[in-house]
Amino acid sequence: MAVKKRQKTLSHGRPPLSRPKERMSSQQSRTIIRTHHRLQKEHAAALRKGDARLAEEISRAIEKNGGLKVYQAASKQGQSKDRGGDSSKVLVEWLREANVIQSDNVVDEHMDGGSAVYRCLEVGALSPENEISKVPKQIQMTRIDLNSQGPGIEKQDFMKRPLPSSPDEDFDIVSLSLVLNYVPDPTQRGEMLKRVTRFLHRDMGRSTTRNSALPALFLVLPLPCVENSRYLDEQLLLQIMENLGFALTNKKTTPKLCYYLFSMTRRPNLTKTDKRKVRDGPLMNNFCIVVE
Ligand SMILES: C[S@@+](CC[C@H](N)C(=O)[O-])C[C@H]1O[C@@H](n2cnc3c(N)ncnc32)[C@H](O)[C@@H]1O
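From a predicted model like this one, the values you see are computed outputs, not experimental measurements.

Attention now moves to the state of the cysteines. This model, assessed by the stated rule, comprises 0 disulfides. With no disulfide of its own, Cys-258 lies closest to Cys-225 among cysteine sulfurs, the gap being 7.0 Å.

Structure, rendered in structure tokens:
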């Protein structure tokens, strides 16, 4: 008996917007990502020790592994629908719940061609077509990355981005999705979180024109950073964030990732967080955030 072929959906035949030329297997992309992270950490450690020769050798190994470009291609593949999808769809969902994003007809009624209501800085942006980019009338996006993959993404190191010099240059939302874990040094991770607070607007909860969920930080980390580290658990993460002036508003975990939305409710205090063991076990990792 002839086997009847299943009808393919329309989307099946449609080419995706950015299909990598050669699709990596998930095993390949995981290996590239892990090797890149490991080498980045070794490179940072060599620099800390002042061993320039070793640092140079590790830089060559990073390039041999494909460098940042191939790492980004591997990460982008992790964003494809069949591998869990674009993390900003969770941000959009939460912003809708908080009425930061409204339905298009509500916006059309209240805006007559004016500028977007809120501004978002996406650090570590891989695509200008992710979910958070699909509501331009409401959220004006500024996307940066160490290596821009095309128009709409500025090549810039967040740690070197000039601080806002006027309220026009600050943001309602900063997104750090799978970026903090990219930073190889625990103190630099703390610096990155501290720096975020300087890009968020400061009229917290006072202005009636702003939504009370804002200003906010969207933070996404691989789940093992929080669930399986000797030096960080969720309690400590929330404590660090509280010291920096953030209150948790939304949280979600999947088998691979943890997503958080924090609203900045007050100014950071000067509490430091050192590297200290919060638990131990043979198969645990050493992910850590140090705030100086
Ligand atoms: C794993 S990718 C994550 C991309 C995307 N946000 C996601 O959720 O899939 C991490 C990206 O962060 C970028 N990145 C890391 N540190 C950065 C920094 N200091 N400034 C700008 N981009 C940075 C890297 O270049 C890389 O493209």
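Before going further, it helps to spend a moment on the sheet that holds strand β3 (residues 154-155). With respect to topology, 7 strands assemble into an open sheet ordered β3-β2-β1-β4-β5-β7-β6, the strand pairing being mixed. Either end of the sheet is taken by a strand with one partner, and the two such strands are β3 and β6 (246-253). Pairing of strand β5 (residues 216-222) with strand β7 (residues 257-264), which is carried by 7 bridges, proceeds in the antiparallel orientation. Pairing of Pro-222 across the sheet is with Leu-257, part of β7.

Using the criterion set out here, one finds 10 salt bridges in the structure. Between Asp-185 and Arg-48 there is a salt bridge, with the nearest N and O atoms lying 2.3 Å from each other. Placement of the pair is Asp-185 in the loop between β4 (173-177) and α7 (186-199) and Arg-48 in helix α2 (residues 26-49), with a sequence separation of 137 residues. Residue Arg-48 is classed as exposed on the basis of its relative accessible area of 54%. A salt bridge links Arg-230 to Asp-280; the nearest nitrogen and oxygen atoms lie 2.7 Å apart. With Arg-230 in the loop between α8 (223-227) and α9 (234-243) and Asp-280 in the segment after β7, this pair connects stretches of sequence that are 50 residues apart. Taking the relative accessible area as the measure of exposure, Arg-230 reaches 13% and is therefore buried.

Here the focus is the pairing of β4. Burial runs high along β4: 5 of the 5 residues are buried. Of the two faces of β4, both are covered, the one formed by Ile-173, Ser-175 and Ser-177 as well as the one formed by Val-174 and Leu-176. Inspection of the sheet shows strand β1 (residues 118-123) paired to β4 by 4 bridges, in the parallel sense. The partner of Glu-122 across the bridge, within β4, is Ser-175. The sheet contact formed by β4 and β5 spans 5 bridges and is parallel. Opposite Ser-177, over in β5, you have Val-220 as the bridge partner.

Rules and cut-offs
Within each chain, residue numbers correspond to sequence positions counted from 1 in written order. Local features in a predicted model are, by the rule used here, given only for residues with pLDDT of at least 70; side-chain atom pairs are given and counted only at 80 or more, and totals for whole chains, interfaces and linings are based on all residues. The side-chain quantities take in all heavy atoms of the structure and omit both hydrogens and water. Two cysteine sulfurs form what is called a disulfide whenever their separation falls within 2.5 Å. In this analysis, strands are considered paired if DSSP registers two or more bridges between them. Helix numbering and strand numbering both begin at the N terminus, where a helix is a DSSP run of H or I of at least 4 residues and a strand a DSSP run of E of at least 2. Salt bridge, as applied in this entry: a Lys or Arg side-chain nitrogen positioned within 4 Å of an Asp or Glu carboxyl oxygen. A 1.4 Å probe rolled over the protein chains alone gives each residue an accessible area, and that area as a share of the maximum for its type sets the label: buried under 20%, exposed over 50%, partly exposed in between.

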